[in-house]
Amino acid sequence: MDSRKQKFMTFLMFEGQAEAAMNLYTSLFDNSEIISIQRYGPGEAGEEGSVLQAVFSLHGQQFMCIDSHIKHGFTFTPAMSIYVTCDSEAELDRVYAGLSEGGSVLMPLGSYPFSERFGWVQDPYGVSWQLNLAK
């Protein structure tokens, strides 16, 4: 899908970890890829080689990200998370393990009144993910 045709796109702002985050995400979800990366060059505002702007796809859903060259007093918060419906327990377990490694568990994998199997994690880059098993 051409990113110009997708009207709404989640935008993630990292501080030097955008490429590592994209690599983790695209390794965990099937049918995922890094579509484009523009990098800062010599003498530009950001660190040379860091991500000026990138687009990646997770199972067909496109996201945009950058490495901000400005240090901010804020980061990601669990108040905004990426909700993923996993097709199988194996997928849920794999994604949960991959995203929580080096991150933190907000709600452990388990059965809840609203879901047979659900987990909520914050990945090592600060992005939070709600992972649910499809019914």
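Residues numbered from 1 in each chain as written. Predicted model: local features only at pLDDT ≥ 70, side-chain atom pairs only at ≥ 80, totals over all residues. Heavy atoms only, no water.

The chain appears in an unreviewed UniProt entry as PhnB-like domain-containing protein from Paenibacillus rigui.

## With respect to the pairing of strand β4 (residues 61-67)
Note the threshold: Relative accessibility under 20% of the residue-type maximum defines a buried residue, over 50% an exposed one, and the middle range a partly exposed one, all with a 1.4 Å probe and only protein chains included. Numbering goes from the N terminus for both helices and strands, where a helix is a DSSP run of H or I of at least four residues and a strand is a run of E of at least two. For two strands to be treated as a pair, DSSP must find at least two bridges joining them.
The buried fraction of β4 is high, at 6 of 7 residues. Bridging between strand β1 (residues 10-14) and β4 involves 5 bridges; their strand directions are parallel. Within β4, the position partnered with phenylalanine 14 by the bridge is aspartate 67. Across 5 bridges, the pairing between strand β3 (residues 51-58) and β4 is antiparallel. Along β4, the bridge assignment pairs alanine 54 with cysteine 65.

## A look at the UniProt feature "domain: PhnB-like" (unreviewed entry) in the chain
Selection rule: UniProt positions are given in the numbering used here, feature names are shortened, and annotations may be inferred rather than shown by experiment.
UniProt's entry tags residues 6-131 with the feature "domain: PhnB-like" (unreviewed entry), counted in the numbering of this structure. Structurally, residues 6-131 comprises 18% helix and 43% strand, and the distance from its first C-alpha atom to its last is 23 Å.

## Comments concerning the sheet that holds strand β2 (residues 33-39)
Within a sheet, adjacent strands bond to each other through the backbone by hydrogen bonds, running parallel or antiparallel. Selection rule: To get an axis, fit a line to the C-alpha atoms, keeping to the stretch in contact for a helix; angles then go from 0 to 180 degrees between the N-to-C directions. Between two residues, a contact is recorded if the distance between any of their heavy atoms is within 4.5 Å.
The strand order across the open sheet formed by 4 strands is β1-β4-β3-β2, and the pairing between neighbours is mixed. Pairing within the sheet leaves two strands with one partner each, and these edge strands are β1 and β2. The mean inter-strand angle of the sheet, taken between neighbouring strand axes irrespective of direction, is 20 degrees. Against the sheet, helix α1 (residues 18-28) touches β1, β2, β3 and β4, its axis set at about 10 degrees to β3.

## Considering the packing of aromatic side chains
Two numbers describe a pair of aromatic rings. These are the distance of the centres and the angle of the planes. Where we set the bar: Centre distance within 6.5 Å is the pairing criterion for rings of Phe, Tyr and Trp, where only the six-membered ring of Trp is used; planes under 30 degrees apart are then read as stacked, over 60 as edge-to-face, and the remainder as tilted.
Taken as a whole, this structure holds 9 aromatic pairs when the rule is applied. When the centroid spacing of 5.5 Å and the interplanar angle of 10 degrees are considered together, the rings of tyrosine 112 and phenylalanine 114 count as stacked. The partly exposed category is assigned to tyrosine 112, whose relative accessible area is 21%. Aromatic side chains tyrosine 112 and phenylalanine 118 sit 5.9 Å apart centroid to centroid with 90 degrees between the ring planes, which places their arrangement in the edge-to-face category. An aromatic cluster is defined as three or more aromatic residues linked by ring pairs; in this entry it consists of Tyr25, Phe29, Phe56, Phe63 and Trp129.

## Considerations on unusual backbone geometry
Phi at asparagine 31 is positive, roughly 55 degrees, even though this residue is not glycine. With respect to the helices, strands and loops of the structure, asparagine 31 is situated in the loop between α1 and β2. The exposed category is assigned to asparagine 31, whose relative accessible area is 60%. Its identity as a non-glycine residue notwithstanding, histidine 59 has a phi of 50 degrees, on the positive side. Relative to the helices and strands, histidine 59 resides in the loop between β3 and β4. A residue is classified by how much of its surface remains accessible, and histidine 59, at 53% relative accessible area, is exposed.

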